[in-house]
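# What the coordinates show
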Amino acid sequence: MSVSRKCLCCVKYLMFVFNLIFWLGGCGLFGVGVWLSFTQAEFSSLPLSFPSLSAANLLLVAGSVTMVTGFLGCLGALKEQRCLLMTFFVILLLLVLTEVTLVLVIHIFHNKLDSKAQGELKEGMKSYTSDEGLKKSWDNVQKMFKCCGVTEKTDWYGVLNNTLPSSCCSVGAHQCVDGWSEACYQKARKWLLDNIPSVLVFGVCIGIVQILALVFSLLMYCQILRAEKYLD
């Protein structure tokens with residue numbers, strides 16, 4: 001019994017440490033999501049298919065779920081309750097499977113997802129003259145990224161009667177004749193990919209911690225079950 005109790009105690013504190021790291025990682029993801037949301041607040045009227053906005057929301061959701069799951073794991077480890085541990089294990093397993101599925105879907109269907117997102121943004125452009133918030137967001141995007149249109153500047157022709165918005169030009173003249181040559185979707189996507197490597201490395205580290213937390217939660221569950229059978 002003494003050896004079994006020592007093993008349980010060892011697994012308990014290891015699991016607590018890993019879940020604490022996991023919870024802190026969730027805080028980090030949530031923090032990056034908040035930072036990205038505030039940074040891109042001036043684009044808030046655009047559809048969530050805009051790369052940086054969708055990334056911000058994804059990080060906020062991932063961070064929130066990770067924080068809650070990590071807290072549940074810490075609580076389960078300290079209380080040594082099988083019910084909490086099994087709940088934590090199931091939630092974390094579902095989270096890991098969802099993450100893997102999401103990565104695979106994005107990798108396999110990224111071209112289709114890009115096409116769908118671009119289509120939504122082009123559809124939204126039709127409200128440029130009637131929606132003041134959307135107009136401001138598009139103007140901010142084009143000024144910040146020095147770009148014009150979703151996939152090309154001619155996207156505006158059908159919306160503004162073969163003219164371009166003034167935000168498409170560097171001078172910011174009342175009427176823009178020859179706007180920026182680069183498209184906004186690809187420019188925003190490139191900006192996001194250039195700034196995301198550190199987040200991806202962070203995500204891989206969190207993934208490793210998730211796998212270890214799964215292993216330790218299952219080990220602890222088995223140790224508690226064994227100890228309860230011994231007492232019976």
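Presented here is a report on the structure given in the accompanying data block. Here the structure is a predicted model, which is why all the values come from computation and not from measurement. (Residues numbered from 1 in each chain as written. Predicted model: local features only at pLDDT ≥ 70, side-chain atom pairs only at ≥ 80, totals over all residues. Heavy atoms only, no water.)

What follows is about a nonpolar patch on the surface. Taken together, the side chains of Leu 58, Val 100, Leu 102, Leu 104, Val 105, Ile 106, Ile 108, Phe 109 and Leu 113 present a nonpolar region at the surface, about 750 Å² in accessible area. A total of six residues in the nonpolar patch trace back to one element, the largest contributor, which is helix α3 (residues 82–108). Among the secondary structure elements, Leu 58 is positioned in helix α2 (residues 51–79). The class for Leu 58 is partly exposed, based on a relative accessible area of 45%. (Patch = residues over 30% accessible without salt bridge, like charges linked within 9 Å, V, L, I, M, F, W, Y side chains within 5 Å. Areas by Shrake-Rupley, 256 points an atom, 1.4 Å probe, with all protein chains shown as cover. Salt bridge = Lys/Arg side-chain N within 4 Å of Asp/Glu carboxyl O. Helix = DSSP H or I, 4+ residues; strand = E, 2+ residues; numbered from the N terminus. Buried < 20%, exposed > 50% of the residue type's maximum accessible area, 1.4 Å probe, protein only.)

Our next topic: the packing of aromatic side chains. Tallied over the entire structure, the rule returns two aromatic pairs. Taken together, a centroid distance of 4.7 Å and an interplanar angle of 65° make the contact between Tyr 128 and Trp 156 edge-to-face. Highlighted residues: Tyr 128 in the loop between α4 (110–124) and α5 (132–145) and Trp 156 in the loop between α5 and α6 (184–195), separated in sequence by 28 residues. Taken individually, Tyr 128 and Trp 156 each receive the classification buried, so the pair is uniform in this respect. For Trp 156, a relative accessible area of 0% puts it in the buried group. Taken together, the ring pairs in this structure connect Tyr 128, Trp 138 and Trp 156 into an aromatic cluster. (Phe/Tyr/Trp six-rings, centres within 6.5 Å; stacked < 30°, edge-to-face > 60°.)

For the structure on display, the rule yields two disulfides. The disulfide that involves Cys 147 links it to Cys 184, with 2.1 Å between the sulfurs. With the S-S dihedral at roughly 95°, the linkage between Cys 147 and Cys 184 falls on the right-handed side. Residue Cys 147 is located in the loop between α5 and α6, and its partner Cys 184 is located in helix α6; the two are separated by 37 residues in the primary sequence. Like Cys 184, Cys 147 is buried. Shown here is the disulfide that connects Cys 148 with Cys 168, its sulfur atoms set 2.0 Å apart. Measuring the twist about the S-S bond at about 85°, one finds the Cys 148-Cys 168 disulfide to be right-handed. A residue pair is termed long-range when its members are at least 10 positions apart, and Cys 148 in the loop between α5 and α6 and Cys 168 in the loop between α5 and α6 qualify at 20 residues. (Disulfide = S-S within 2.5 Å.)

This part covers α6. Taking 1.5 Å of rise per residue, the twelve residues of α6 would be expected to cover 16 Å, and the 16 Å separating its terminal C-alpha atoms lies within 8% of that figure. The complete set of buried residues in α6 reads Cys 184, Tyr 185, Ala 188 and Leu 192. Down the axis of α6, the sector holding all buried residues measures 100°, keeping them to one side. Across from the buried face of α6, at angles greater than 90 degrees, the exposed residues are Lys 190 and Asp 194. (Expected span 1.5 Å × (residues − 1). Arc of directions from axis to C-beta.)

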